[in-house]
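# Chains, contacts and geometry: an overview
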2 protein chains.
Amino acid sequence: MKKVVLSLYLLSLITSFLKNNVVVSAGRPGIYERHPDPQGQFPRLGACPDDHACIFPADVSQFLPGAHFDLRVELHAYDKNTKNPAPDFYKDFKTTVRKENGPWMDVNEFFDIQENPTLEYWNFTWADSAEVFYADALGNGKKPIDVNVSSRVWRKLKFNEPGTYDVSVQYSSTEAYTVRYTVIEPRKPKRKAKNAILFIADGCNIGMITAARAIARKHTSGKFVDDGLLTFEDFDNLGHIITHSIDGLVTDSCNSASAYATGHKTSVGALNVYADSSPSSLDDPKVEDITELIRRRQPGKAIGIVTTASVQDATPAAFYSHSRTRDIPDHITDQIAHGVPDWVNAVEPDVLLGGGANHFKGEKSLNGTDYYTLLHDKHNYQVVMDKHHLNEYNGHDKLLGIFRKDNMDVWLERNVYVNNTVGNEAAPDLSGTDALGSDQPGLDDMTLKALEVLKKRGGDDGFFLLSEAASVDKMVHYLDFPRAYADLIEMDMTIKKTIEWLKKNGEYEDTLILFTADHSHSFDVFGTVDQELLTSQAPSQENMRYSVGVYEHSGWPGFINQDQYGFPDNWDPRFALAGGTGSGPDHFESWKLSADKPRMPTVQNEKKIVGSNKEDQAGNYGHGLKWNGNIPMDQIVDVHSMADVAIYSNGPGSDLFKKTIENWNLFFKMTEALDLQYPNEDDAMSDKKSTNHKQQK
Amino acid sequence: MKKVVLSLYLLSLITSFLKNNVVVSAGRPGIYERHPDPQGQFPRLGACPDDHACIFPADVSQFLPGAHFDLRVELHAYDKNTKNPAPDFYKDFKTTVRKENGPWMDVNEFFDIQENPTLEYWNFTWADSAEVFYADALGNGKKPIDVNVSSRVWRKLKFNEPGTYDVSVQYSSTEAYTVRYTVIEPRKPKRKAKNAILFIADGCNIGMITAARAIARKHTSGKFVDDGLLTFEDFDNLGHIITHSIDGLVTDSCNSASAYATGHKTSVGALNVYADSSPSSLDDPKVEDITELIRRRQPGKAIGIVTTASVQDATPAAFYSHSRTRDIPDHITDQIAHGVPDWVNAVEPDVLLGGGANHFKGEKSLNGTDYYTLLHDKHNYQVVMDKHHLNEYNGHDKLLGIFRKDNMDVWLERNVYVNNTVGNEAAPDLSGTDALGSDQPGLDDMTLKALEVLKKRGGDDGFFLLSEAASVDKMVHYLDFPRAYADLIEMDMTIKKTIEWLKKNGEYEDTLILFTADHSHSFDVFGTVDQELLTSQAPSQENMRYSVGVYEHSGWPGFINQDQYGFPDNWDPRFALAGGTGSGPDHFESWKLSADKPRMPTVQNEKKIVGSNKEDQAGNYGHGLKWNGNIPMDQIVDVHSMADVAIYSNGPGSDLFKKTIENWNLFFKMTEALDLQYPNEDDAMSDKKSTNHKQQK
């Protein structure tokens, strides 16, 4: 016996040696060696630290066993010195894979693929610094670098077994680039969550939560004694989420939601794909998201997606679609019905509620398709378009509710300044009539109806629900803080009602509830402002500044709340919160509520230079303090920031979320709580292109 | 039997009726009725919502059984309409107390006090709005309101029994004001913490933690995979602390540290007292702090206080002193030795390390006292004044280490720009020589030496240690962000070394470790800045803004860290973090490190109008983006903000700190973990002025 084993061992050594020599002939031998992240603002391509090669999924990616992904290799030919033109395309490169530092195998052999994918070619220009990227605006005549790209992509792969996997590309006799993946050992939950609800207040940082609490709860001697804190602050556990992108400090909502949904960080704008350099937004290498995994591993579970934005907006789209960019909402809409080619089936959420009618029919719809009809006739959806019909729906069919042509109106428009919704021609049937505030459901209406339908459809298999307060982010972008406060308070009230519903319906004990954000804004409150004094002063910045009360003069703002809980009765008190961001475009600030419509702090003139809005100077915010912009001139609203966000968790599995975690890890923790980490029969049988067991061992 | 009980019951009803009628003769009958907090920026006196009466401790205060406090009642006579002069003083008012809605008793009778305290009189002027408060600067001729105050104070009271207590003052036939206190039911810890270490990074918000991590830890593909997160992020639990003042949104460090130390929120600038309106800063009503309680209830326990600020600075002072204001450091120094009159004994910390020599001898010392000599000769302290002697100390005596005339230099001066410490004439012996950076110990040196001495002195009774990174706050005030990052990283390294020390010395399992802040600044990072581009552009705000990279151009900053952990090797990379605050004075920002000295963003001219520092315009920050001030002109540096801060906790009792709590509750949770909540023999015997048991029942 011993001899045989030894022989096999020797054989494997020889095989390994041969394979290594075939694949990695000289120079850097394809041994895994971590490259430092590229530093600076304009890398050639995100998460691509090698001088010429890129591999996606990127280095140090983690996978569940059996989770699908596309593998793309890119080779970049360019001359950084002469810049233009680029050298010839790399045509001869070899991609290999190994497990646990074992023998290197050709990628096709490793994944049992018969045919090498077509070699693709394209080119792009690389603006390698701000002065090149903004050359037109700066008038400096700087030119970008031409890059010639050759690439191959392998679709719908998976690793079935836990362990360490290296992928290497050898692209010259001396040059290779290797990435390392980890397929995690799957874990059973201590106590399985039958249901999970992921509440996301988009762009909500700790400063915003503190502000919402100060408005929505009563205090005595500076204590929130009787009414308690915000609903979610009573959850079992509190943690923080680190939100960086794969290739930069500051994420957008697509990228962040993708990390939550797939376990993979990606680049700004990308939805459940790694961002490649190709011109197409639909060919980037995909990773499987949690709703797709649910459909394969717990097919009985019901899936719901609720948002106050368009349903094609960043956060909801990350729970059913794949795209390099959010800027193709027509394609994203189409993926609701058809999914994407050469991939798992479309998710077809059981409940999908929000705005975004523009891309469901008419000229902005893909090929003019009427998706209302299509989804109703071919995919068994019932369709509702206003609050009344939403509330009335008590069927068992899948439910599509689209309530406005684009993002839904915010809470203040839907509930207080309802007249602002007149004249918007935003009806979801695209009839050109108005989507009146009072016809649009609240986040609470949508969430409770979703729960009702999901319980019916999921039954014993439970449900997964995403519910997003999207406009916290949108209103902070506009520097319209009162509207952000209101939408966050609406989220808190929705969570309160959700808990009541879960308890009433016997689901509370079995439901993991998460409340978090996807990124921060640099928002905080540093005092109060006496608006009467501000606007009665001669308009000198120096004099007006005395109306801002800090420290012992911060006092408490003048919000009044008769019922002591939730929304205040007045939204524009004399003593308002003096809050703001550390970044932004030029604007004026008087902390005055914009009663006419959400604030828009800037305008663009013909030269595309951004200035303060005239209304911001003379109208609602007239007589405000002048704020000089400090972000690039093409940013017309405030930008995101990088501070960690909070995650509040309750119920089975909530202890997984109690410390500081990275955004990608939310996926792994949610799949653990829901018992989704073990491959099932479908994983083993659905596809040939999985880890080749025989060869690996 | 039944008859007797009934009789007693009837008697008590009659007594109650009589007492109520004696005390509260008409109008508002002294029944507890919560007043809303005063709103706006200029209340008459903090935490004093009644039109004329104030009672401190304030409404809804909470106490441990047996914890000491002073009770002060103030009556304010003023005429808000005619304003000047004030009406005659209130001379005839009656203060009563009851337990559990029982019979009202005269306060002297309730606490068994023989003599009614003297009636005191003073007056103050009430600027009731910003335009009055800043009348001189605004030149509007507005005048404040005269207020005549009469007051009584009862010293060193306590409630020995848990329950609800009301204190009422009847000051006219129709007017009374009542506050309600709760004396909590004491709790035993699940597992007692023998030791507790409270690490405070002053002024450190979530944005600052995120920034320090991005600098101090390496990342690959945007993940902090190998080196982990910051040390304290590995702690058992994470929570948030709400930091509001008793009378306003935004706290300072005195107020916040007092809340942590005593369980009572107070006002800006106050140290372990409720802020009354009297002229003296030393007569305000005190509350007992945790170190005083430790001395009475666990007298064997050793107490240490370590800070990089002066030892009389806000945070350390709250752990041994009582004062209305931090602005009397001579008196605060004296309290190290002598405590305060008519109160518990002085804390005399076993270890006291930091700066602040100015007030230990010489002209700024109280009555010219040499406290070095006094503390050595009369209080058994050994005194050290430099790093060498600190490190060498291996005795058992109490240890006083004072290393600089005022605040100690920050980490960058002590370790990188050591030449900046030449010429400061800051030696702690006040000899006029320099306190060189390299002679000053680090926070890690001080903390580890403190642990060593405390373990020797506390023995089996353990220790309580406060260790403060004070200059995170001070440097953010100056908008000198790199220096703040460095001092926070120093705190993290100190925590790492502390854990190593605790494990090596067998104390880890018995030690509760807390890391938190006391308040936020509105700081966050929204991208990176290309400093080369910024300073090469023509000085137009518009053009310069293109050097700031946001979202996909935020990239990663150019910090290099060869040893992959902790402090970077370079502090002024081309690609720096683009961070900032949402509030501040006029200044210029180029995110350039000030190599000469900590940045000072503003100057005052003769008219006391604040402008940007010339160095900030033309020197280190020359060519920066212009930032317009948005806080009152008398604020020469940036101000605090109100966002919750994080608290990271580890070890026995750490689960008490895992969700969102208010700052005052930290005291109750620490005393629970340390088993300090039960009154001991000293509580029952030390003082007559405690709850009168017989009468209460």
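As the structure is a prediction and not an experimental result, all values here were calculated from the model.

### Quick look at the sheet that holds strand E1 (residues 53–56) of chain B
Residues and elements named next belong to chain B.
- Spatial ordering of the open sheet is given by E1-E3-E7-E6, a layout of four strands whose pairing is antiparallel. Only two strands of the sheet have a single partner each, and these edge strands are E1 and strand E6 (120–126). Taking the axes of each pair of neighbouring strands and ignoring which way they run, one obtains an average angle of 25° across the sheet.
- Pairing analysis gives seven bridges linking E6 to strand E7 (residues 145–157), with the strands arranged antiparallel. By the bridge assignment for E7, Asn123 is matched with Asn148.

### What about the domain arrangement of chain A?
- For chain A, the assigned domains are domain 1 (35–186), domain 2 (195–522 + 640–678) and domain 3 (524–581 + 584–627).
- Placing a centre on the C-alpha atoms of domain 1 of chain A and another on those of domain 3 of chain A gives a separation of 48 Å.

### Here we look at the relation of the copies chain A and chain B
- Turning chain A through 180° and shifting it by 0.0 Å along the axis lays it on chain B, with an RMSD of 0.0 Å. The two molecules are tied by a two-fold rotation axis, judged by turn and shift. For chain A, the smallest separation between a C-alpha atom and the rotation axis is recorded for Gly582 of chain A, amounting to 2.0 Å.
- The residues that chain A uses at the interface reappear at the interface of chain B in 100% of cases, marking a shared surface.

### So, the interface of chain A and chain B
- Taken together, the contact pairs 120 residues of chain A with 120 residues of chain B.
- Across the interface of chain A and chain B, roughly 10,300 Å² is buried in total on both sides, 57% from carbon and sulfur atoms.
- The interface formed by chain A and chain B holds six salt bridges in total.
- Between Asp644 of chain A and Arg213 of chain B there is a salt bridge, and its shortest N-O distance comes to 2.5 Å.
- Ranked by residues supplied to the side of chain A that touches chain B, first place goes to strand E19 (residues 523–530) of chain A with seven residues.
- Residues of the side of chain A that touches chain B, tallied by class, amount to 49 nonpolar, 45 polar and 26 charged.

### A short note on the pattern of salt bridges
Residue and element names in this part refer to chain A.
- Throughout the structure, instances matching the rule amount to 80 salt bridges over all chains.
- Across the pair Arg404 and Asp406 runs a salt bridge whose closest N-O atoms are separated by 2.6 Å.
- When its relative accessible area of 9% is taken as the criterion, Arg404 is described as buried.
- Connected through salt bridges with shared partners, the residues Arg72, Glu120, Asp276 and Asp283 form a single ionic network.

### Observations concerning the packing of aromatic side chains
- Enumeration according to the criterion identifies 66 aromatic pairs over all chains in this entry.
- On the numbers, 6.0 Å between centres and 50° between planes, the contact of Trp411 of chain B with Trp571 of chain B is tilted. Residue Trp411 of chain B is found in helix H12 (residues 411–415), and its partner Trp571 of chain B is found in the loop between strand E20 (548–549) and strand E21 (575–581); the two are separated by 160 residues along the sequence.
- Judged by relative accessible area, which is 10%, Trp411 of chain B ranks as buried.
- Linked through ring pairs, Phe63, Phe69, Phe110, Phe111, Phe159, Tyr165 and Tyr181 of chain A together constitute an aromatic cluster.
- Stacked on the ring of Trp126 of chain B, the Lys or Arg Arg44 of chain B has its end atom at 6.0 Å from the ring centre.

### A closer look at the sheet that holds strand E6 (residues 120–126) of chain A
Residue and element names in this part refer to chain A.
- On the basis of which strands lie adjacent, the open sheet formed by four strands has the order E1-E3-E7-E6 and antiparallel pairing. Either end of the sheet is taken by a strand with one partner, and the two such strands are strand E1 (53–56) and E6. Taking the axes of each pair of neighbouring strands and ignoring which way they run, one obtains an average angle of 25° across the sheet.
- Of the strand pairs in this sheet, E1 and strand E3 (residues 69–77) are connected by four bridges, and their pairing is antiparallel. Within E3, the position partnered with Phe56 by the bridge is Arg72.

What counts, and at which threshold
- Residues numbered from 1 in each chain as written.
- Chains lettered and ligands numbered in written order.
- Predicted model: local features only at pLDDT ≥ 70, side-chain atom pairs only at ≥ 80, totals over all residues.
- Heavy atoms only, no water.
- Pairing = 2+ DSSP bridges.
- Helix = DSSP H or I, 4+ residues; strand = E, 2+ residues; numbered from the N terminus.
- Axes fitted to C-alpha atoms, helices over the stretch in contact; angles between N-to-C directions.
- Domains from an automatic or database assignment.
- Least-squares fit on C-alpha atoms with pLDDT ≥ 70 in both.
- Contact = heavy atoms within 4.5 Å.
- Buried area = accessible area lost by both parts, 1.4 Å probe.
- Salt bridge = Lys/Arg side-chain N within 4 Å of Asp/Glu carboxyl O.
- Nonpolar A, V, L, I, M, F, W, Y, C, P; charged D, E, K, R; others polar.
- Buried < 20%, exposed > 50% of the residue type's maximum accessible area, 1.4 Å probe, protein only.
- Phe/Tyr/Trp six-rings, centres within 6.5 Å; stacked < 30°, edge-to-face > 60°.
- Lys NZ or Arg CZ within 6 Å of the ring centre and 35° of its normal.

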